[in-house]
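Okay, here's what each chain looks like letter by letter:
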Amino acid sequence: MSEWQGQKTEQQFKNVKSEVSGLIIRQQYGSNYIDKYASYNTSMADKVGVPYGQYAYARFVSGR
């Protein structure tokens with residue numbers, strides 16, 4: 001789940017709780033960009049009791 005899905009309502013989080021066993025929530029994209037809804041998504045998942053994991057999308061550059 002990331003900002004690409006838009007900001008979901010509390011009711012949408014409650015609905016998804018019965019449809020999935022958990023969420024994977026993006027926290028960042030590269031080293032300088034924090035997902036717009038990262039904090040919101042994790043707090044809503046906590047609030048309604050949806051288990052979740054978090055990930056950071058990595059963008060690597062050559063060290064040469």
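The structure under discussion appears in the preceding block.
Residues numbered from 1 in each chain as written. Predicted model: local features only at pLDDT ≥ 70, side-chain atom pairs only at ≥ 80, totals over all residues. Heavy atoms only, no water.

1. Comments concerning the overall build of the protein chain
Along the backbone of the protein chain there are two helices and three strands. Helices and strands in the protein chain line up, N terminus first, as α-β-β-α-β. Compactness check: the protein chain gives a C-alpha radius of gyration of 13 Å against a globular reference of 11 Å for 64 residues, more than 25% above the reference. Dimensions of the protein chain, computed from C-alpha atoms along their principal axes, come out at roughly 50 × 20 × 15 Å. Taken across its 64 residues, the protein chain has 27% of its residues classed as buried. Taking contacts inside the protein chain between residues at least 6 apart in sequence as the whole, the part at least 24 apart equals 68%. Working note: accessible area of the protein chain is about 4,700 Å², and carbon and sulfur atoms make up 49% of it. Here the protein chain contributes 8 positively and 5 negatively charged side chains, and the mean placements of these two sets differ by 6 Å. (Helix = DSSP H or I, 4+ residues; strand = E, 2+ residues; numbered from the N terminus. Rg over C-alpha atoms; globule rule 2.2 N^0.38 Å. Buried < 20%, exposed > 50% of the residue type's maximum accessible area, 1.4 Å probe, protein only. Contact = heavy atoms within 4.5 Å. Areas by Shrake-Rupley, 256 points an atom, 1.4 Å probe, with all protein chains shown as cover. Lys, Arg positive; Asp, Glu negative; His and termini not counted. Charge placed at Lys NZ, Arg CZ, Asp CG, Glu CD.)

2. What to know about helix 2 (residues 38-48)
Regarding helix 2, the residues found buried are Ala38, Asn41, Thr42, Met44, Ala45 and Val48. Each buried residue of helix 2 lies within a common arc of 165 degrees when the element is viewed along its axis, so the set occupies one face. Facing away from the buried side of helix 2 by over 90 degrees, the exposed positions are Ser39, Asp46 and Lys47. For helix 2, the elements touching its buried residues are helix 1 (10-17), strand 1 (23-29) and strand 3 (52-57). (Arc of directions from axis to C-beta.)

3. Points about the packing of aromatic side chains
For the structure shown, the criterion picks out two aromatic pairs. Taking the centre distance of 6.4 Å and the plane angle of 75 degrees together, the rings of phenylalanine 13 and tyrosine 40 count as edge-to-face. Pair noted here: phenylalanine 13 is in helix 1 and tyrosine 40 is in helix 2, with a separation of 27 residues, a long-range link. On the basis of relative accessible area, phenylalanine 13 is assigned to the buried category, the value being 2%. Taking the centre distance of 4.8 Å and the plane angle of 10 degrees together, the rings of tyrosine 29 and tyrosine 57 count as stacked. Linking tyrosine 29 in strand 1 with tyrosine 57 in strand 3, this pair joins segments that are 28 residues apart in sequence. According to the relative accessible area criterion, tyrosine 29 is partly exposed, its value standing at 31%. (Phe/Tyr/Trp six-rings, centres within 6.5 Å; stacked < 30°, edge-to-face > 60°.)

So yeah, pure geometry; function would need other evidence.
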